[in-house]
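Coordinate analysis (summary)
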Amino acid sequence: MAPIAPSTGAPHSRIMGMGSYRPARLVPNSEVVDAIDSSDEWIQQRSGIRTRRWAGPEESVQMMSVEASRIAIERAGLEVGEIDCIVVATVSHLLQTPAVATAIAHELGTDGAAAFDISAACAGFCHGIAMASDMVRAGSARHVLVIGVERLTDILDLTDRGTAFIFADGAGAAVVGPSDTPGIGPVVWGSDGEQFDLIRQREDWRDVVGTDTQPGSGVMPHLTMQGNPVFRWASFAMAKIGQQALDAAGVSLDELDVFVPHQANMRIIDAMARSMKLPASVRIARDVADQGNTSAASVPLALDRMMLEGEARSGDTALLIAFGAGLAYAAQVVTVP
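Calculation criteria
Residue positions are given per chain, counting from 1 as you read along its sequence in written order. With the structure being a predicted model, the display of local features is reserved for residues of pLDDT at least 70 and the display and counting of side-chain atom pairs for 80 or more, all residues being used for whole-chain, interface and lining totals. As a rule here, side-chain values cover all heavy atoms of the structure and leave hydrogens and water aside. Here a helix means four or more residues in a row that DSSP labels H or I, a strand means two or more in a row labelled E, and each is numbered from the N terminus. Put simply, the radius of gyration uses C-alpha atoms, and a globule should come to 2.2 Å times the residue count raised to 0.38. Each residue's exposure class comes from its accessible area (1.4 Å probe, protein chains only) as a fraction of the maximum for that residue type: buried when under 20%, exposed when over 50%, partly exposed otherwise. The contact definition used throughout considers only heavy atoms, calling two residues in contact when any of these lie within 4.5 Å. Computed with a 1.4 Å probe, the accessible areas rest on the Shrake-Rupley method; for each residue, only the protein chains presented here act as cover. Residues scored as charged are limited to Lys and Arg (positive) and Asp and Glu (negative), so that His and the chain ends carry no count. A charged residue contributes its charge at one atom only: NZ of Lys, CZ of Arg, CG of Asp or CD of Glu. Two strands are counted as paired when DSSP detects at least two bridges linking them. Here the axes come from fitting lines to C-alpha atoms, over the contacting stretch only for helices, and the angles between their N-to-C directions go from 0 to 180 degrees. Within this document, salt bridges are pairs made up of a side-chain nitrogen of Lys or Arg and a carboxyl oxygen of Asp or Glu, the two lying within 4 Å of each other. In plain words, nonpolar cores are sets of buried Ala, Val, Leu, Ile, Met, Phe, Trp, Tyr and Cys residues tied together by side-chain atoms within 4.5 Å. UniProt positions are given in the numbering used here, feature names are shortened, and annotations may be inferred rather than shown by experiment. Here the expected span of a helix is defined as 1.5 Å times the quantity of residues minus one.

Helix and strand counts for the protein stand at nine helices and 14 strands. Its C-alpha atoms give the protein a radius of gyration of 20 Å, near enough to 20 Å, the size a compact globule of 337 residues would have. Buried positions account for 55% of the 337 residues belonging to the protein. If you take every contact in the protein between residues at least 6 apart in sequence, the share linking residues at least 24 apart comes to 77%. Surface accessibility of the protein: about 14500 Å² in total, with carbon and sulfur atoms responsible for 51%. Of note, the protein has its 25 positive side-chain charges centred 6 Å away from the centre of its 40 negative side-chain charges.

In this section: the sheet that holds strand β13 (residues 317-324). Pairing is mixed in the open sheet, where five strands are placed in the order β8-β14-β13-β11-β12. The open sheet is flanked by β8 (188-191) and β12 (283-284), the only strands paired with a single partner. Looking at chain direction, β8 and strand β14 (residues 328-335) are connected through four bridges and run antiparallel. Following the sheet pairing, W189 is matched in β14 by A330. Running at roughly 55° to β14, helix α4 (residues 124-138) makes contact with β8, β13 and β14 of the sheet. Together, β11 (258-261), β12 and β13 form the strand contacts of helix α9 (residues 298-308), whose direction differs from that of β11 by roughly 150°.

Once that is clear, we can look at the pattern of salt bridges. Under the definition given, this model contains 13 salt bridges. R25 is paired through a salt bridge with E31; the nearest N and O atoms lie 2.8 Å apart. For the salt bridge of E309 with R305, the shortest nitrogen-to-oxygen distance reads 3.8 Å. For E309, a relative accessible area of 51% translates into the label exposed. You can call R305 partly exposed: its relative accessible area is 24%.

A word on the nonpolar core. Counting residues in hydrophobic clusters, the biggest one holds 51 residues, and the most contacted among them are M238, L246, F259, L278, L319 and F323. Only β10 (223-225), α6 (227-249), α7 (266-276), α8 (288-291), β13 and β14 provide two or more residues apiece to this core. Counting residues per element, this core draws most heavily on α6, at eight residues. Listed in part, the 36 residues of the second largest apolar core include I184, A302, M306 and A322.

Let us now look at the UniProt feature "domain: Beta-ketoacyl-[acyl-carrier-protein] synthase III C-terminal" (unreviewed entry) in the protein. UniProt tags residues 246-335 as "domain: Beta-ketoacyl-[acyl-carrier-protein] synthase III C-terminal" (unreviewed entry). Secondary structure content for residues 246-335 is 33% helix and 24% strand, while the C-alpha to C-alpha distance between its ends is 13 Å.

Spatially, the five strands line up as an open sheet ordered β1-β7-β6-β4-β5, and their pairing is mixed. Looking at the sheet topology across the chains shown, the edges are occupied by β1 (12-21) and β5 (114-118). Along the sheet, successive strands turn relative to each other by an average axial angle of 20°, direction set aside. By the bridge criterion, five bridges tie strand β4 (residues 85-89) to β5 in an arrangement that is parallel. Bridging across to β5, V87 finds its partner in F116. Across the sheet, helix α2 (residues 61-75) lies against β1, β6 (144-151) and β7 (169-179), angled at about 130° from β1, the strand it touches most.

With that settled, the discussion passes to α9. In terms of residue burial, α9 counts as a mostly covered element, since eight of its 11 residues are buried. Looking at α9, one finds that the buried residues are S298, V299, P300, L301, A302, L303, D304 and M306. Positive backbone phi, approximately 80°, marks G310, located one or two places after α9.

Let's shift gears to α4. The end-to-end C-alpha distance of α4, which contains 15 residues, comes to 21 Å, matching closely the 21 Å that a straight helix rising 1.5 Å per residue would cover. Counting buried positions over the 15 residues of α4 gives 11, a clear majority of the element. Three or more residues of α4 are buried, namely G124, F125, C126, H127, G128, I129, A130, A132, S133, M135 and V136. Looking at the residues trailing α4, positive phi occurs at G139, about 100°.

Now the structure itself:
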C-alpha cells in the first residue's frame, strides 16, 4: 500500500476581516401592522423590533453577498485571488442547484476557489466559521470566505401574524485565515430534530408545482414558526450551549467582552443574558431592533455593526451563538478582528 502524504495547515485560525451589506429600504412597524391586525407597541413588546431591512428587486442574494464579501476581503488585507474557498450559509437562495457560492466566486474573481452552500438556517454562519477554522488548520484551505446571507422576504407571508414582522434581508461576510495564536475556539454544535416542525418551510415544493394526479397550488412556499415554543427553547437551552462554548475555549464570564447571539428576538437575547448571568461589562449585540431577524446573516451583521460603532474592539473576546430551524445550533468564542 502506497503511503499517502497528509495535509498540513496552520497551527491556529482567526477571523481576519468582516463586511456587511444592508438593503437600502428601511421598513417601520407601521408598514406591516395592518396586514397582521397588530400595532407598533405589540411588535416592540413581542420582539423589540422597530424597523427592518427589506431588499429591493436588484438586491439579490448574490449581489448582497458580493458587496459584503468585497469589504471583508479588503479589511482582511487580502487580494480576491487569495481566497481558496467560499462557504455560503443561506436558506433563501431559491435555486435547488447550483449553489449560489459558485456564482459569487465567479463574480468576485476568485479564479477557481472551492465554493458551496450550507443549509443550517439561522445557525448557518456559525457552522460556516467552524468549518472554515477546521479547513485552515487541516490545510485544505488557507483563506476561507464565510458568508451568511438571506433574502427572506421572498418566502415571507406578509399576513402571517407570527412571522411577517420578524424576518428581514441582508448579508454578512468574514474571512478566516491562519494565525499563530488561537482566534477561533472549539465549536459547540448540535441539533434537536424532535422539534423539527417549530420553524420550517410551510409548503413542500410538490404542493406548489403539483404531481401527475394532484394539481399544485402555484403559491410560493412560506416560512412558519411556532413562536412560544421557540422562545422557551432558545432562551434557556441556548444559554447552556453558550456556557459550554466558553468552557471549551477556556474563557470565563469575567474574561468575555462581547456577546453576539442570533438576532432572533430582543426578549430571547435578554433571557439568554440573564440565564448565563453575563456581567454588566459584557457588551451585547442588539442589532435586531433596526435590522430584523436575518437568519444566517444576523450574527455577522450584528458583530460588524458593533465593530463599526466601537462596541466591539479589535482583540476583544466575543461569544457567537446561533440557533434556528431544525432545530440546529452552534456557538464558538472568537477574537474580534
